[in-house]
Amino acid sequence: IQPPENPLQSEEWNRLRESFSSPEIFEDVMLNRMVKCNSPVDVAKSLLTHVAKSHGDIAYSLLVKYLALCVQQGKTSEILDVYDIMKIRFKILESGAYNLLIRGLSNSDQWRMALTLLEEVRKIMIPSRTNYESCIKAASRHQEMNLAFELYHEMLDKDLAPTLDVLQAFFDFSRGMKGPELQKELFGILFYLRDNQIYPHKTFMRSIKLWFESIPGGNWRGHLTNIKDSGQCPVCNHQLEDSELTEEEYNKLRERIIRDVIHGTDTFRKTSPQEFEAFQTFVENRLPFDIVIDGLNVSHMKPRQMQCENLFNAVNCLAKGNARLLVLGRKHMLINSSNWRKELMKEMQDKADFFFAENISEDDTFLLYATLRSGKHCKFVTRDFLRDHKACLSDSVTRHLFRKWQRGHQIAFYSSVEGKRINFLPALPYDCVVQTTGDTWHIPYKNIFEEKYSYQVPRKWLCIHQKW
Ligand SMILES: [Zn+2]
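Residues numbered from 1 in each chain as written. Predicted model: local features only at pLDDT ≥ 70, side-chain atom pairs only at ≥ 80, totals over all residues. Heavy atoms only, no water.

### Here we look at the overall build of the protein chain
Assigned secondary structure in the protein chain consists of 21 helices and 10 strands. Here the C-alpha atoms of the protein chain give a radius of gyration of 29 Å, more than 25% beyond the 23 Å that 2.2 N^0.38 yields for 468 residues. Based on the C-alpha atoms only, the size of the protein chain along its principal axes is roughly 85 × 65 × 45 Å. Here the protein chain, with 468 residues, has 50% of them falling under the buried criterion. In the protein chain, the share of contacts with a sequence separation of at least 24, taken over all contacts with a separation of at least 6, comes to 70%. Charge-centre separation for the protein chain: the mean point of 62 positive side chains lies 4 Å from the mean point of 60 negative side chains. (Helix = DSSP H or I, 4+ residues; strand = E, 2+ residues; numbered from the N terminus. Rg over C-alpha atoms; globule rule 2.2 N^0.38 Å. Buried < 20%, exposed > 50% of the residue type's maximum accessible area, 1.4 Å probe, protein only. Contact = heavy atoms within 4.5 Å. Lys, Arg positive; Asp, Glu negative; His and termini not counted. Charge placed at Lys NZ, Arg CZ, Asp CG, Glu CD.)

### Overview of the domain arrangement of the protein chain
What the domain assignment reports for the protein chain is domain 1 (1–91) and domain 2 (247–420). Of note, the centres of domain 1 and domain 2, computed from C-alpha atoms alone, are 56 Å apart. (Domains from an automatic or database assignment.)

### Focus on the coordination of the zinc ion
Only Cys233 (SG), Cys236 (SG), His442 (NE2) and Cys463 (SG) from the protein coordinate the zinc ion, and they sit 2.1 to 2.3 Å from it. Around the zinc ion, the four donor atoms are arranged such that angles at the metal cover 102 to 114 degrees; this shape is classified as tetrahedral. Each donor residue of the zinc ion belongs to the same chain, and together they define the spacing C-x2-C-x205-H-x20-C. Linking Cys236 in the loop between strand 1 (220–226) and helix 13 (247–262) with Cys463 in strand 10 (residues 460–466), this pair joins segments that are 227 residues apart in sequence. Taking the relative accessible area as the measure of exposure, Cys236 reaches 23% and is therefore partly exposed. (Donors = N, O, S within 2.8 Å, 3.2 Å for Na, K, Ca; no water. Tetrahedral: all angles 85-135°; square planar, octahedral: opposite > 155°, others 65-115°.)

### Here we look at the packing of helix 1 (residues 10–19) against helix 2 (residues 26–37)
The contact between helix 1 and helix 2 brings their axes to 10 Å, and the two run at 100 degrees. One element, helix 1, and the other, helix 2, form an angle in the roughly perpendicular class. Each of Trp13, Leu16 and Arg17 in helix 1 lies in contact with helix 2, whose residues at this interface are Phe26, Glu27, Met30 and Met34. (Axes fitted to C-alpha atoms, helices over the stretch in contact; angles between N-to-C directions. Parallel < 35°, antiparallel > 145°, perpendicular 65-115°, else oblique.)

### So, the packing of aromatic side chains
Using the criterion set out here, one finds 27 aromatic pairs in the structure. A network of ring pairs unites the aromatic residues Phe171, Phe187, Phe191, Phe204, Trp211, Phe212, Trp220 and Trp441 as a single cluster. (Phe/Tyr/Trp six-rings, centres within 6.5 Å; stacked < 30°, edge-to-face > 60°.)

### Digging into the sheet that holds strand 10
Strand pairing in a sheet relies on backbone hydrogen bonds, with the paired strands running either antiparallel or parallel. A sheet is described by the order of its strands in space; here four strands give the open sequence 1-10-9-8, paired in antiparallel fashion. Only two strands of the sheet have a single partner each, and these edge strands are strand 1 and strand 8 (435–436). Note that strand 1 and strand 10 share seven bridges and pair antiparallel. Each residue of the ladder has a partner; that of His223, found in strand 10, is Cys463. Contacts from helix 11 (residues 180–195) reach strand 8 and strand 9 (440–445) within the one sheet, and its direction differs from that of strand 9 by about 50 degrees. (Pairing = 2+ DSSP bridges.)

### Looking at the pattern of salt bridges
Between side chains of opposite charge, a pair can form when the charged atoms approach closely. Within this structure, the stated rule accounts for 21 salt bridges. Across the salt bridge formed by Asp28 and Lys65, the nearest N and O atoms sit 2.8 Å from each other. With Asp28 in helix 2 and Lys65 in helix 4 (residues 60–72), the pair connects residues that are 37 residues apart, well separated along the chain. Overall, the relative accessible area of 18% leaves Lys65 in the buried class. A single network of salt bridges, built from pairs that share partners, joins Glu119, Arg122, Glu154 and Lys158. (Salt bridge = Lys/Arg side-chain N within 4 Å of Asp/Glu carboxyl O.)

### Things to note about the nonpolar core
Core analysis: the biggest nonpolar cluster contains 80 residues, and Phe170, Leu190, Ile208 and Phe212 have the highest contact counts within it. In terms of residues, this core owes the most to one element, helix 4, which gives 10 residues. If near-sequence neighbours (up to four positions away) are discounted, Phe170 is found in contact with Ile136, Ser140, Met145, Ala148, Phe149, Tyr152, Leu186 and Ile189. (Core = buried A, V, L, I, M, F, W, Y, C linked by side-chain atoms within 4.5 Å.)

### Focus on the pairing of strand 10
The buried fraction of strand 10 is high, at five of seven residues. Here six bridges tie strand 9 to strand 10, and the two strands are oriented antiparallel to one another. When the bridges of strand 10 are listed, Ile443 appears paired with Leu462.

### Re the state of the cysteines
Counting across every chain of the model gives zero disulfides. No disulfide involves Cys70; its sulfur sits 16 Å from that of Cys37, the nearest cysteine. Note on Cys70: relative accessible area 0%, which makes it buried. (Disulfide = S-S within 2.5 Å.)

### Digging into the environment of Gly231
By the element assignment, Gly231 lies in the loop between strand 1 and helix 13. Judged by relative accessible area, which is 0%, Gly231 ranks as buried. Here the alpha-carbon distance between Gly231 and Ala52, two residues 179 residues apart in the chain, equals 70 Å. Excluding residues that lie within four positions of it along the chain, Gly231 makes contacts with His238, Gln239, Leu240 and Tyr430.

### As for the side chain of Thr398
When you line up the elements, Thr398 lands in helix 21 (residues 396–409). Of the polar contacts made by the side chain of Thr398, one reaches the side chain of Arg256; its length is 3.0 Å. (Polar contact = N/O pair within 3.5 Å; in protein donor to acceptor, adjacent residues only side chain to side chain.)

### Some thoughts on the packing of helix 5 (residues 76–90) against helix 6 (residues 95–106)
Where helix 5 meets helix 6, the axes come as close as 10 Å, and the angle between the chain directions of the two elements is 150 degrees. Relative to helix 6, helix 5 is oriented roughly antiparallel. Of the two possible hands of crossing, helix 5 and helix 6 adopt the one that is left-handed. Mapping the contact onto sequence places Thr76, Ile79, Leu80, Tyr83, Met86 and Lys87 in helix 5 and Ala97, Tyr98, Leu101, Gly104 and Leu105 in helix 6. In the contact of helix 5 with helix 6, the residues fall into eight nonpolar, two polar and one charged. (Left-handed = near helix turned anticlockwise from the far one by under 90°. Nonpolar A, V, L, I, M, F, W, Y, C, P; charged D, E, K, R; others polar.)

### Observations regarding helix 3 (residues 41–55)
With 15 residues, helix 3 extends 21 Å from end C-alpha to end C-alpha; this agrees with the ideal 21 Å at 1.5 Å per step. For helix 3, every residue scored as buried is listed here: Val41, Val43, Ala44, Ser46, Leu47, Leu48, His50 and Val51. The secondary structure elements touched by the buried residues of helix 3 are helix 1, helix 2, helix 4 and helix 5. A positive backbone phi angle near 90 degrees is found at Gly56, which sits one or two residues after helix 3. (Expected span 1.5 Å × (residues − 1).)

Here you go:
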């Protein structure tokens, strides 16, 4: 159904309603359509007036839809009206209405009202990430940076991860502002990117650059650059942090992972103790490997290609230079099928060791164990981020070591658009992470606003240094 262009009288709404196939849901459907078509608020209002006249009151769901339309069009006084009505009728609202109210008001000159609503939400539930972000942006837009950072820390304390968008807003709205406290907070965001291995995209990077250059008396200059393979910055000649862990760090990480992640409580929920024991024996008898490959993961690389062919290509490519390979497979790969051809599997087993786990087993645990037992030089191939395991790592020092080890040892792969070639990106000798020496900052960034699961580290950098 098409919403009318102008407000209607009650009789006209009645006529429309009767001509509709399921009159009992007419108002809901009509309001949904209005939100979708961005109909004038007056038209929606005339429908609600009609509903109030014929039923005596208006259902909560209809009010929320009307509210969505008002928010969409930035009609502040209407938003406040709906809020008043809802408060009187329902006392406590649910999160959907609060999300809309906070979003709508934070964008208006009544933005402080959004803070009052956030206060109200806090009393009955944990505010959502978007609640915080709406309020943070509103506060920053009005140059109330202290308030914005207070809310930011509050959301981090509640384990709500901020979007890049809100982090970027901090840099945009702090441009040209003075104050050591403010600077410390913004450096804090850069450390947050470092600790969480987050790479800003190009426009975010630009906001960081402009903010640095705008610090009164700071003398900061930013340049875009490509770091040399050796890890040296061509702009300021600074040598980036080494990607290698020290012997001591490596041993510490290995002990921790084997204890917390592999032998930790949740391992055997995913794999049986017998199977894992068999795997350990298998690995210990064949150590050390140079590269451990998550076979199932690699086999999905090119979806149009047979799974065993993908794996075959990867094994051939990585077996060069006599590297000792371990492929973690699943038992179902041994059953001849359209995706898993026996001859190819045989040929691969001449070039690499294979361990076939039960079909239900969790590969990550096996991958981590075999790689870490093989030693510091051993790399691994998977497209997964090993995210779950990071959470198992109890303290932040170990988490940091784990991420650093992952960056230096995970071989990323991608397939070229045309042809069968698979490309592997070798691990770099320098650490691809936001870093500072005090008078320099080096920030890796991505060209585009990218997909969540990108495992490739960026090659482009922002170099910022102080000119004296
Ligand atoms: Zn530099």
